[in-house]
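Residue-level structure breakdown
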Amino acid sequence: MSGYLDRFVAEARSRGALVVQPRMGFGAIDTMREGLREVAHLGIPVVGTITVDSYTRVGDHVSPLERLMAGEELNGYPIVTHSPAQTRDMLDGLYGPSFPIQVRHGTALPQRVIESLVRAGLDATEGGPVSYCLPYSRLPLAQAVEAWAEGCRFLANETEYGHIESFGGCLLGQLCPPSLLLAMTVLEGRFFLQHGVRHMSLSYAQGTHGDQDRAALRALRELARVYLEDATWHVVLYTYMGLFPRTPDGAGELIGDSARLARDTGCERLIVKTVSEAWQIPSVAENVLALRLAATAPTGPAEGATALEDAFFAEILEEARCLVDAVVDLDPDVGKAFIRGFECGILDIPFCLHPDNRGKTTCTIDESGALVWGHTGNLPFSGRKTQRHVAPLGSDKLYRMLNYVVDRYDNGPSERRIERRFMSRSGEEINDRRF
């Protein structure tokens, strides 16, 4: 029996506390233990992370041992290469009810990783059949779907409180409208349920516009209540997953804004990036600094919804429902529905180069800074939104979009504190203090 993650998050929520979590992983056992120890002793509500290395993510379990024996560093913990006994020893005295630990991995074929974490006494991980296939691998989606079904069944059968966090709300990290992110994380939740996993978390990555993000997180809870009524779930926000600000001040303010967004929208957990994301793999000290920054950033009362946020909420919720309903109607088996959905373009991720993605949709950043559809391809939006933003997307514009958040935050915080006025979709002038 474990279930530490669910109980820890629920207890923190009952106190109104935000749980923060790093994305930390090291190859050497002693270094991984020291990193977890530093995080565990922060004195704030925090979840530990074991992030696996890039070799393990692609199924190479020999190279990590060779690199470590040669005295080289890895960019994560090779949980399959290290034995379950070694991992249990590494966790001894740290992992428990007051310090849950989650394994984060990024592999489309998760069976060995899930088996290894369970044998080591852990029961919380992340990913999904789509969200860990299309962005990260060239494997056929059908193969990933079957592998994830097998992994889910193993986790459900071998643990009482096996927990998976869908990565669906973070597809490609940026430049994807919120409705598709929400639909994907909810659909992956249904996939987990179908294969026996009842405990889960639903992800969403901070985007380019505060009101749009607040609306999306409201919509995610509404969707989860409708489509995941048989699950135990909570919401996880990720600090912006795209190109990160290059200056410490810009990066620090973006981290703080993500923490305030999590606070204002009632997110139970926040995955925190560090001020060094733009140029190196963060150290333990940098992770600790970022966690403290995120935990202390939210101050003052939560801001109420604006008219623009309400407008975004209605739009995002309608689009996401269209996507979820269309996929669910394809096949009672969610995995088969995923495959058919991508085949016919009902699901189509902007800028994703995976062979199973049709690539007919695009996204752009509009004049207000919001992520919106460019071309909608075959997305099931009933003709209401068809090619709303059809300006050619050249390399210069794509570059500016990729660097949009970097430029905003590295230009200095004072510019973002100035009230800006712009027109909402309905033509109403909105005064937005969070832009």
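Every value quoted in this text rests on a predicted model; they were computed, and no experiment measured them. (Residues numbered from 1 in each chain as written. Predicted model: local features only at pLDDT ≥ 70, side-chain atom pairs only at ≥ 80, totals over all residues. Heavy atoms only, no water.)

1. Considerations on helix H2 (residues 29-40)
With 12 residues, H2 extends 16 Å from end C-alpha to end C-alpha; this agrees with the ideal 16 Å at 1.5 Å per step. Every buried residue of H2 is listed here: Met32, Gly35, Leu36 and Val39. In an axial view of H2, the angular spread of the buried residues amounts to 95°, which keeps them on one side of the axis. (Helix = DSSP H or I, 4+ residues; strand = E, 2+ residues; numbered from the N terminus. Expected span 1.5 Å × (residues − 1). Buried < 20%, exposed > 50% of the residue type's maximum accessible area, 1.4 Å probe, protein only. Arc of directions from axis to C-beta.)

2. Here we look at a nonpolar patch on the surface
A cluster of nonpolar side chains, namely Leu172, Phe351 and Leu393, defines an oily patch on the protein surface of about 200 Å² accessible area. Tracing the backbone shows Leu172 in the loop between strand E5 (163-166) and helix H8 (178-194). The class for Leu172 is partly exposed, based on a relative accessible area of 33%. (Patch = residues over 30% accessible without salt bridge, like charges linked within 9 Å, V, L, I, M, F, W, Y side chains within 5 Å. Areas by Shrake-Rupley, 256 points an atom, 1.4 Å probe, with all protein chains shown as cover. Salt bridge = Lys/Arg side-chain N within 4 Å of Asp/Glu carboxyl O.)

3. Some words on the nonpolar core
Nonpolar side chains in soluble globular proteins generally cluster together in the buried interior. Core analysis: the largest hydrophobic core is formed by 123 residues, its most contacted members being Leu36, Ile50, Leu182 and Phe191. Tallying contributions element by element places helix H12 (residues 307-328) first for this core, with 10 residues. Beyond its immediate stretch of four places on either side in the chain, Ile50 contacts Met24, Met32, Leu36, Tyr77, Met90, Leu91, Ile101, Gln102, Val103, Arg104 and Leu122. Phe8, Val19, Val47 and Ala124 belong to the second largest nonpolar core, which has 7 residues in total. (Core = buried A, V, L, I, M, F, W, Y, C linked by side-chain atoms within 4.5 Å. Contact = heavy atoms within 4.5 Å.)

4. Quick notes on the packing of helix H6 (residues 111-119) against helix H7 (residues 141-158)
Contact geometry for H6 and H7: axes closest at 9 Å, N-to-C directions at 15°. In terms of their interaxial angle, H6 and H7 are classed as roughly parallel. For the pair H6 and H7, the sense of crossing is right-handed. Contacts from Gln111, Ile114, Glu115, Val118 and Arg119 of H6 reach H7 at Ala147, Glu150, Gly151, Phe154, Leu155 and Glu158. Partitioning the contact of H6 with H7 into residue classes produces 5 nonpolar, 2 polar and 4 charged. (Axes fitted to C-alpha atoms, helices over the stretch in contact; angles between N-to-C directions. Parallel < 35°, antiparallel > 145°, perpendicular 65-115°, else oblique. Left-handed = near helix turned anticlockwise from the far one by under 90°. Nonpolar A, V, L, I, M, F, W, Y, C, P; charged D, E, K, R; others polar.)

5. Considerations on helix H11 (residues 284-296)
Across its 13 residues, H11 extends 19 Å between first and last C-alpha, which sits within 8% of the 18 Å expected from 1.5 Å per residue. Elements in contact with the buried residues of H11: strand E1 (19-21), H2, helix H10 (248-265) and strand E8 (269-271).

6. Remarks on the side chain of Glu188
Tracing the backbone through its elements, the reader meets Glu188 in helix H8. Notably, Glu188 is buried but unbridged: the nearest opposite-charge side chain belongs to Arg104, and the N-O separation is 11 Å. In contact with Glu188, other than residues within four places in its own chain, are Gly127, Gly128, Pro129, Val130, Ser131, Ser166, Phe167, Gly168 and Phe338. (Lys, Arg positive; Asp, Glu negative; His and termini not counted.)

7. A few points about the packing of aromatic side chains
Enumeration over the complete set of coordinates arrives at 9 aromatic pairs. Relative to Phe167, the ring of Tyr132 has its centre 5.4 Å away and its plane inclined at 55°; by these criteria the two rings are tilted. Of the two residues, Tyr132 sits in the loop between strand E4 (124-127) and H7 while Phe167 sits in the loop between E5 and H8, which places them 35 residues apart along the sequence. When its relative accessible area of 5% is taken as the criterion, Phe167 is described as buried. Every member of this aromatic cluster is reached through a ring pair, and the members are Tyr132, Tyr136, Trp148, Phe167 and Tyr238. (Phe/Tyr/Trp six-rings, centres within 6.5 Å; stacked < 30°, edge-to-face > 60°.)

8. Section: the confidence of the model for the protein
Reading fine detail from the predicted coordinates is not recommended where pLDDT is low. Summarising the model, the protein shows a mean pLDDT of 90, and 91% of its residues fall at 70 or more. Counting interchain partners and residues more than four positions distant, the pLDDT-below-50 stretch residues 414-435 has 48 contacts. (pLDDT = per-residue confidence, 0-100.)

9. A look at the side chain of His82
If you trace the backbone, His82 turns up in the loop between helix H4 (63-69) and helix H5 (84-91). What makes His82 buried here is its relative accessible area of 8%. A polar side-chain atom of His82 sits 2.9 Å from the main-chain carbonyl oxygen of Gly27. (Polar contact = N/O pair within 3.5 Å; in protein donor to acceptor, adjacent residues only side chain to side chain.)

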